[in-house]
Amino acid sequence: MRALKGVSFDLAAGEVHALLGENGAGKSTLIKVITGAHSPDEGTLKVGDETLRSLTPAHARALGIACIYQQPALFPDLTVAENIGLRLKKPKPFSVVKRGSQRQMAIDLLKRVGAEISPDAEVRELSMPEQQLVEIACALGSGAKIVIMDEPTASLTQKEQHLLFGVVKDLRASGVGVVYISHRLEEIFALADRVTVLRDGESVGTHAVKDLTESAMIKLMVGREVATLYPPAEGEPGETVLSLKGLSCAEGGVQGINLEVRAGEIVGMAGLVGAGRTELARILFGITPADSGEILLGGKAVKMHSPREAIAQGIAYVPEDRRRHGVILEMPIAHNITMAVHPRLFPGTWLRKKSETSLAEDFIRDLGIKTYGPEAPGGSLSGGNQQKVSVSRWLATKPKLLILDEPTQGVDVGAKSEIHRIIRGLAKEGLAVLMISSDLPEVLGMSDRIAVMRGGTITAVLPGGADAHDVMAAALGQSGREVA
Amino acid sequence: MHEMSSAPSKSLKGIFARHEVVLLLVVALEVLIFSLLGRNFLGEANVSNIFRHSVEIGMLALVMTPVILTGGIDLSVGSMMGLCAVCFGILVKEAQFSPLLAALCSVAIGATGGGLNAFLIARLKLPPLIVTLGTFSLFRGLAEALTKGSKSYSGFSDSFLALGNSEVAGLPAQLWIFIAVALGVYLLVHHTTFGRSFRAIGYSPEGSRYAGLAVGRNISLAYILAGAVAGLAAVIFVARIGEARANAGIGYELLAITAVVLGGTSIFGGSGTVCGTLLGYLAVAVLNNGLKRIMDYELLDRKISDMASELSGLLTGLLLIVALAITPLLRILATRRSRSQH
Amino acid sequence: MMRKYSREIIVAIALILLMLALAAYAPAYFDPQPLLSRFTSQAPALVAAIGITLVIIIRQIDISIGAQFSMCAVVAGVAAAAGMPLPVAVLAAVLTGAVMGAFNGLLVAWLGLPSIVVTLATMVTWNEALRLWQQGRLMNLPAGIQWFGLSQSAGQGIVIGLSVVLLIAFAWGMRNLALGRYVYATGTDAEAARLAGINPRWMTFGVFVLTGALAGLAAVLNMVQSPQVQPNAGDGLELKVIAAAVVGGVAITGGRGNLWGVLLGLLLLVNVNPALTYFHQPPYWERAIQGLVILLAVVADGLQRGKKVKHA
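Residues numbered from 1 in each chain as written. Chains lettered and ligands numbered in written order. Predicted model: local features only at pLDDT ≥ 70, side-chain atom pairs only at ≥ 80, totals over all residues.

Engineer: Which residues make up the overall build of chain A, and what values do they have?
Structural biologist: Each helix and strand in chain A was counted, giving 18 helices and 18 strands. For 484 residues, the compact-globule formula gives about 23 Å, and the C-alpha radius of gyration of chain A, at 24 Å, lands near that figure. Projecting the C-alpha coordinates of chain A onto the three principal axes gives extents of approximately 65 × 55 × 50 Å. Counting the 484 residues in chain A, one finds 49% classified as buried. Of the contacts made within chain A by residues no fewer than 6 positions apart, 68% connect residues no fewer than 24 positions apart. (Helix = DSSP H or I, 4+ residues; strand = E, 2+ residues; numbered from the N terminus. Rg over C-alpha atoms; globule rule 2.2 N^0.38 Å. Buried ≥ 20, exposed ≤ 12 C-beta atoms within 10 Å, placed from the backbone. Contact = placed C-beta atoms within 7 Å.)

Shown next as structure tokens:
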């Protein structure tokens, strides 16, 4: 699959150029090409007067390209001053670190960023926004000519945001080019000179920010019509399977969730990355138990403290991170599929390889998993087929509620529509489905109802055929029709 | 990415089976060399000896396999043997327990010690290497403390000593126990959901939790089993030596780990077989014994049989290094070659 | 700052309490001559502990350090017995250690093998090779080797002095040299280190070589304390120094710890035995107490880490 197709992007000195797009539109890939983490298949990069086929991270840095990632890449065991020192200029191995001047430099840079952080604090003790400010200080200190900021405000407080805006304006004034990625439209209007919108790995145009309205920007992002390739809903949903009342969990940053999912219904969960959707799923699956609120399953209040308990209650969760939490690549498909049903399939803990194989073969056939057999290791499958194995594992538990987290991420187009058909088929059989997806057309096309999350809470519940614009607006925190 | 859809060719299966096959060839080669060069290597008495002198290590290797499959390690089994041997001696000689009852107590003490490891590793989620390093010292230290540093217990009844020195149905008595343990561990690892879970946990502890496996309970089982069998091995050791003292099983943990890794179990967890471990153990045990039988040849002006223990240790170490290094080395060479071809 | 050094402070307090108790109830402990002898005999372990600390900080382990120590001692002894001057014998020991360390480093850094098994294998190999070579014999050293040919007290002074100088030098270097930062950075996050322009492979390799060389030096410092070389002088050293590092607050997960903590940890562990003696307690509790101290240290680490994870 191609993450990026023929994108042109340019950045002038002393400019803030915003990059906008849905999750998975290709922003991260573009950044990785600019910072040298990925090599482009085609095309060239031009930095100053130098034209290049591709970059290495070291080369990119030498050219004055600095990137502030969402997840700061600092050394948690070293102090702030040590981190800044290491990042700015790799000192010669046997040189003595000038602690005093390093500390002073750190103090100066932190002051420029307006951060009240002790240079002697260990980075592990800092909060996420503080770490981000340290990253920005590093970029400032390195004298970067190009600074890329990947959603820098995602975890900042209001006050820190204002400081950051000041820093960005400072950078611009001193002739630095800033690539600014954010989902928050108001930030783009406040800071950016130009904006480039990406969609499905392609650029849909670069515009001067002052020429655009909020609404026009959202339209650019959403763009296309929702295709008709989604399997239609049929029949009326049945009784309520899952009902959440005021569900909160401080650890997951989720608060006051009210939601119902009925049998035979697909509820789509839209929202941006970090809006709390996966966190909600983790609460329901007993990974991070809720602090307060009620989970009613089939009208009965339940509490989940581990995935085991959740599974016993009839909840299944197809996780987002397929490699870490889903399919074990080294193990055969059959073993992967039966992992969650050991007690039922193997009474007395004794493996019954025949029934295991036949169960696996059933799923391979029913879900159309393309493989040479149940003994094939998970790693031999394509992404889409791995996802089908992951779904199979959970269907084998015969759940009442199926939670899918980004079910078609990293899946090619053909397998994607197959997975959609499977999901719809399951709903038709009476399963309650909660589908988290950052793929807007998918949410719009598949869902009977759409719940939109933002900042750890549900901001809107919209009907199935809702307008893409409204969903996006709710996810971005713009004035949408608030129905919830 | 792997390419999908290609059917499992014989060669692919061959790769999985290969380690055991190679190891089998190593064992066969050892047998061939020793029967040619050694005196009376294949004699009935000697074959019995091979096992008589090594089943304790073999048993530890067997139960080390599930531990390593979960991605852990247990350095404390050798010390556990020392502690259990001492406890056994005290129970029989001072508390006047019958050997059978004392043996059961020994196994229970082993399981309790394994339980301590399990609690620290599975419950408090501490690194196995350091936890078992601590219990390695603790168990041996308790054994030394209980014997006041030097005391040993001997003078066990003949019927008990028979366990270590007699034959039952043509095989050394302790070999029967070993076979039972081997069968048990084999069934556990390859035919129960526990074994399946060990592997899954070794490959991906997080993924296993998401799949609803009882991660902590399975890890605990592996360590408790290791402790219990160490207790059993201690009893056999005492029966063979005729003496219970604190230094029983010194260094055995390393020999056991060597046998497991030699047998192809990945130290990172997940993959490995009980058959591999058995072959790994056999390769070490045969090597150790066979060199003792080479009395007619000299190396560096010394009879090989006189330096059998050192030589077999050295060869085991080298074998282990080769076994570890061969796969990554071949991979690096292969990528070099393919790069130079492009 | 208090929290950062909490482990060092706790171990230091434990050590001070032990010393106070000894001062109150067994003042004979502080008789200068036996005290000096005890410190001298533990000085080689301190030098070896420096190496193991670096290895653990870079997120590896080396259990072959005891075997390296034995091998280097014998190499130095053979060189000395062959009539070579002491500096040559020292050089031979250090080089031998460095080569053995390089072998570990090669297997770990370039073949990506887990250091625990690699060093297990090399430990067995070196130990058995040594037994094959020396057959467990004690080797008599020529005159002029013991205590560097000086008086005992002068020799003791040199041994302790050298060890302390090495400790200070490494502690300073780990804190103040860029190279020290590289070691911490690599141990914390090898990938991030790579992005920061550090080569994790070379760093790992270098640390193993250095550890081998330090083991060689430690072996020499041990050798000069007696008229004979024991071919198994390093038995159990690996566990002693790893335990000292763990008790001293070096995180087994890499990236954390410092040599002063290791010094305190080592002092605490090696004083268990003399303390038992001076308190007229049976000395055979030593190992059990040491094991308990290690477990306490690991549990404390785990609890602290658990808190931090929650906090984050």
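Engineer: So what's going on with the interface of chain C and chain B? Which residues, and what values?
Structural biologist: Contacts between the two partners involve 38 residues from chain C, matched on the other side by 41 residues from chain B. The dominant element in the side of chain C that touches chain B, judged by the number of residues it contributes, is helix H13 (residues 286-311) of chain C, at twelve residues. Per-class residue counts for the side of chain C that touches chain B are 28 nonpolar, six polar and four charged. (Nonpolar A, V, L, I, M, F, W, Y, C, P; charged D, E, K, R; others polar.)

Engineer: Describe helix H18 (residues 468-476) of chain A, with residues and values.
Structural biologist: Residues and elements named next belong to chain A. Burial runs high along H18: seven of the nine residues are buried. All of the buried residues along H18 are Ala468, Val471, Met472, Ala473, Ala474, Ala475 and Leu476. If you follow the buried residues of H18, they end up packed against helix H7 (185-191), helix H8 (214-222), strand S11 (266-271), helix H17 (440-446), strand S17 (449-454) and strand S18 (457-463). Count one or two residues on from H18 and you reach Gly477, which has phi positive near 85°.

Engineer: Explain the interface of chain C and chain A to me, using residue names and the numbers behind them.
Structural biologist: The interface of chain C with chain A comprises 18 residues on the first partner and 21 residues on the second. Those elements that place two or more of their residues in the side of chain C that touches chain A are helix H7 (178-188) and helix H8 (190-195) of chain C. Considering only residue class, the side of chain C that touches chain A consists of nine nonpolar, four polar and five charged.

Engineer: Which residues make up the nonpolar core, and what values go with them?
Structural biologist: Where a protein is soluble and globular, its nonpolar side chains tend to be buried together. Ranked by internal contacts, the top residues of the largest apolar core, which has 374 residues, are Ile403 and Val471 of chain A, Phe88 of chain B together with Ala48 and Ala76 of chain C. Looking at this core, the element that brings in the most residues is helix H11 (residues 215-241) of chain B, giving 19 residues. Split by domain, this core shows at least three residues from each of two domains, domain 1 (16-222) and domain 2 (240-476) of chain A. Apart from the residues within four sequence positions on either side, Val471 of chain A is in contact with Ala270, Leu440, Val443, Leu444, Ile450, Val452, Leu462 and Ala466 of chain A. (Core = buried A, V, L, I, M, F, W, Y, C linked by C-beta atoms within 7 Å. Domains from an automatic or database assignment.)

Engineer: Go over the pairing of strand S15 (residues 401-405) of chain A with me, naming the residues and quoting the values.
Structural biologist: Residue and element names in this part refer to chain A. Of all five residues that make up S15, five are buried, and the element is covered over most of its length. Where burial is concerned, the two faces of S15 agree: the one with Leu401, Ile403 and Asp405 and the one with Leu402 and Leu404 are both buried. In this sheet, S15 lies alongside strand S14 (residues 315-318) in parallel orientation, the contact comprising four bridges. For Ile315, the partnering residue across the bridge sits in S15 and is Leu401. Pairing of S15 with strand S16 (residues 432-436) involves five bridges; the strand directions are parallel. Following the sheet pairing, Asp405 is matched in S16 by Ile436. (Pairing = 2+ DSSP bridges.)

What is shown is where atoms sit, not what they do.
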